[in-house]
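Tertiary structure, described
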Amino acid sequence: MENKNSYRKIIHVDMDAFYASVEQLDNPELRGKPVAVGGGGERGVVSAASYEARKFNVRSAMSGVLALKNCPHLIFVPPRFERYKEISQKIRAIFHDYTDLVEPLSLDEAYLDVTENKKGNPSASLIAKEIRQRIFNELHLNASAGISNSKFVAKIASDINKPNGQKTIPPEEVLCFLEQLPIEKFYGIGKVTASKMFSLGIFNGENLKDKTEEFLMQHFKSSGSYYYKLVRGEIASEVKPNRKRKSVAAEHTFVKNLTSEIFMLEKLEKIAEELEQRLIHSKVSGKTVTLKIKYSDFKTQTRSKTMPYFIKEKAVLLETVKELLFQEKVLNSVRLLGISVTNLNIHSKKITEKPILVQLKFEF
């Protein structure tokens, strides 16, 4: 029986250096110069970097101090999220001219299922090229795209010819592509897991494919089964237009590091109040509360507790994170605290999808 996933035509569109590109678009004086969106001070963090800045190894999530050390002539600009959201909505409007099966991942990237599309165009590659051209013509911004028969492969492909390019991995080439893929490029395999795989002689997809499912489960528990299926192209999640929110969170980075739990509780009270408002605004509540602690050395620790009932009230949130805070001694001075709520009370609605009964023969 043919894999249903082989019929799908998925595009992953990823804007190139989106935040920084918008700043360069709105301010011509920044064009061609190394730009970082974020703060350049002692406590600043880079949210996004232009390609000119990336040449100096300036990356997102990097401290502003280190970014300036790498690129002394780096220009910092404050983020303008309302402006990014405004342009993102225009980009999504272009997507919806082609398909209603659009799954946004963030303001600057999304999956599109164009197996059956509004233009009647049989080529996903040509659709991706047309979408990228429209984004450039109408919004004067560059986008890259990846095209394949699964979200996982399409997302990897969109990064291959960046910036301002696209890459197609047709169904008949997917397995070979996955075999040659470095193991750290696989979705769900971070630095720690990759390091463990290296120690087991797993450096790419081919090495991973050589291992039995039992072997992988022995070393990686339930994730082992996922890795076993992933490298064989058997993970086929659908593009979901209405992605359900999985968490609501609030966090603050402090001007000065906190060394006392008493001061931390004061900050957590304000964060809990902010989170309560976000939960009310989102009309959700949740059962699992997580305390996030980022230390001065940038190491991050999380502590969680799951309640037997749904909560969103500030008082309950604060009492829970207080318990988590004193669960064990704080390891170092703290630069950031955050609270998140997961296991939300969002009930799934069954969506019936028109089945695709015949294999699509046209080119990607």
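Just so you know, these numbers come straight off a predicted model, no measurement behind them.

This part is about the sheet that holds strand S3 (residues 46-49). If you walk across this open sheet you meet the 3 strands as S3-S2-S4, and the pairing is mixed. What marks the edges here is a single partner per strand, and that holds for S3 and strand S4 (75-77). Between one strand and the next, the sheet's axes are offset by a mean angle of 30°, whatever the strand orientation.

A separate point is the environment of Val65. Here Val65 lies in helix H3 (residues 64-70). Judged by relative accessible area, Val65 falls into the partly exposed class, the value being 47%. Separated by 22 residues in the primary sequence, Val65 and Arg43 place their C-alpha atoms 8.1 Å from one another.

What follows is about the packing of aromatic side chains. Counted according to the given criterion, the structure contains 9 aromatic pairs. Taking the centre distance of 5.8 Å and the plane angle of 80° together, the rings of Phe220 and Tyr227 count as edge-to-face. Consider the rings of Tyr226 and Tyr227, whose centres lie 5.8 Å apart with planes at 65°: the pair is edge-to-face. You can call Tyr226 partly exposed: its relative accessible area is 26%. Among the residues examined, Tyr227 registers a relative accessible area of 5% and is labelled buried. An aromatic cluster of at least three residues, connected via ring pairs, comprises Phe18, Tyr19, Phe81 and Tyr84. The lysine or arginine in question, Lys119, covers the ring of Tyr98, its NZ or CZ lying 5.2 Å from the ring centre. Across from the ring centre of Tyr228, 3.7 Å away, lies the NZ or CZ of Arg232, which sits over that ring.

Turning next to the sheet that holds strand S12 (residues 334-344). Spatially, the 4 strands line up as an open sheet ordered S9-S12-S10-S11, and their pairing is antiparallel. Two strands lie at the open edges of the sheet, namely strand S9 (248-258) and strand S11 (300-311), each paired on one side alone. Sheet twist, expressed as the mean angle between neighbouring strand axes with direction ignored, is 15°. One ladder, built from 9 bridges, connects strand S10 (residues 286-295) with S12; its direction is antiparallel.

It should be kept in mind that the predicted coordinates are not to be read in detail where pLDDT is low. Looking at the chain, the pLDDT average stands at 90 and 93% of residues meet or exceed 70. pLDDT under 50 marks residues 348-362. Its contacts with residues more than four places away, or in other chains, come to 16 contacts.

Right, let's get into the nonpolar core. Ile11, Phe18, Ile91, Phe95, Leu112, Ile131 and Ile135 are the most contacted members of the largest nonpolar core, which has 32 residues in total. For this core, the secondary-structure elements that each account for two or more residues are strand S1 (10-15), helix H1 (18-26), strand S2 (35-38), helix H4 (81-96), strand S6 (109-113), helix H5 (124-139) and strand S7 (143-148). It is H5 that contributes the most residues to this core, 6 residues altogether. Ignoring any residue separated from it by four or fewer positions in sequence, one finds Ile131 in contact with Ile94, Phe95, Tyr98 and Leu112. In terms of nonpolar packing, the next biggest core, distinct from the first, is built from 28 residues, Val248, Leu275, Leu291 and Leu344 among them.

Cut-offs used in this document
Residues numbered from 1 in each chain as written. Predicted model: local features only at pLDDT ≥ 70, side-chain atom pairs only at ≥ 80, totals over all residues. Heavy atoms only, no water. Pairing = 2+ DSSP bridges. Helix = DSSP H or I, 4+ residues; strand = E, 2+ residues; numbered from the N terminus. Axes fitted to C-alpha atoms, helices over the stretch in contact; angles between N-to-C directions. Buried < 20%, exposed > 50% of the residue type's maximum accessible area, 1.4 Å probe, protein only. Phe/Tyr/Trp six-rings, centres within 6.5 Å; stacked < 30°, edge-to-face > 60°. Lys NZ or Arg CZ within 6 Å of the ring centre and 35° of its normal. pLDDT = per-residue confidence, 0-100. Contact = heavy atoms within 4.5 Å. Core = buried A, V, L, I, M, F, W, Y, C linked by side-chain atoms within 4.5 Å.

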